[in-house]
Amino acid sequence: MKNIFYLMAAAVMGSALVTSCVDDDPGPYGNYGDPTVKAALSIPSFYSQSNPSQVYALQIDGAEPTDTTYEVPAMTASYYVYEPVRVPCDADTFIMRVNSNARWSASTPSKNGLFIINNVGNGDADASFRCTKNSSKTADRVRYMYFYSNDSTTMHKITIVQEKTVETE
């Protein structure tokens, strides 16, 4: 008898959870549940967690092409390349706001010194990455991050340039 009660309680709770997760509000980029709506993904800026007033704006590099049209299947994919953003040499965590109407992912950089803490999301979310201290006194550290929608029709390439350590006398 207990098992039937628990089974019924789980079914009621499960159906309440499913119906509470439906989003009827279309949001800023269209209806999240409609597969005919093109995936949209934008990353306007990011900021330092240690100093939230320090905001780094992302500017699209106008020299790079942004749209590619594919014949089969008939679709247009967008590729955005941003101008390099300079950050200080000190170790810090940065938070970027990702605006999207689709699932998105961020690639993990292949070189040491830049770590993406959360690299997947669904819709509007915050992604964060951490830079370790650049102890080099001769060269800036350059790292690339790629954000892309789940269907790969929108991709963003962000270049982070971490400044070299300045010698103090």
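It should be noted that the structure appears before, not after, this text.
Residues numbered from 1 in each chain as written. Predicted model: local features only at pLDDT ≥ 70, side-chain atom pairs only at ≥ 80, totals over all residues. Heavy atoms only, no water.

1. A closer look at the overall build of the protein
Here comes step 1: Looking only at helices and strands, the protein features 1 helix and 13 strands.
Here comes step 2: When each of the 169 residues of the protein is scored for burial, the buried share is 33%.
Here comes step 3: For the protein, long-range pairs separated by at least 24 residues make up 61% of all intrachain contacts whose partners lie at least 6 apart in sequence.
Here comes step 4: With the model as given, the accessible surface of the protein reaches about 10700 Å², and the carbon-plus-sulfur share is 55%. (Helix = DSSP H or I, 4+ residues; strand = E, 2+ residues; numbered from the N terminus. Buried < 20%, exposed > 50% of the residue type's maximum accessible area, 1.4 Å probe, protein only. Contact = heavy atoms within 4.5 Å. Areas by Shrake-Rupley, 256 points an atom, 1.4 Å probe, with all protein chains shown as cover.)

2. Describing the pairing of strand E8 (residues 103–106)
The side chains of a regular strand alternate between the sheet's two faces.
Here comes step 1: Where E8 and strand E10 (residues 120–122) come together, 3 bridges link them in antiparallel fashion. Within E10, the position partnered with arginine 103 by the bridge is asparagine 122. (Pairing = 2+ DSSP bridges.)

3. Concerning the side chain of threonine 153
Here comes step 1: Within the fold, threonine 153 resides in the loop between strand E12 (141–149) and strand E13 (154–162).
Here comes step 2: Residue threonine 153 is classed as buried on the basis of its relative accessible area, which comes to 7%.
Here comes step 3: Those residues in contact with threonine 153 that sit more than four places away from it in its chain are Lys38, Ala39, Met75, Thr76, Ala77 and Ser78.

4. Topic: the side chain of glutamine 162
Here comes step 1: Its location among the elements puts glutamine 162 in strand E13.
Here comes step 2: On the basis of relative accessible area, glutamine 162 is assigned to the buried category, the value being 2%.
Here comes step 3: The residues contacting glutamine 162, other than those within four sequence positions of it, are Val87, Pro88, Cys89, Asp90, Cys131, Thr132, Lys133, Asn134, Asp140 and Arg141.

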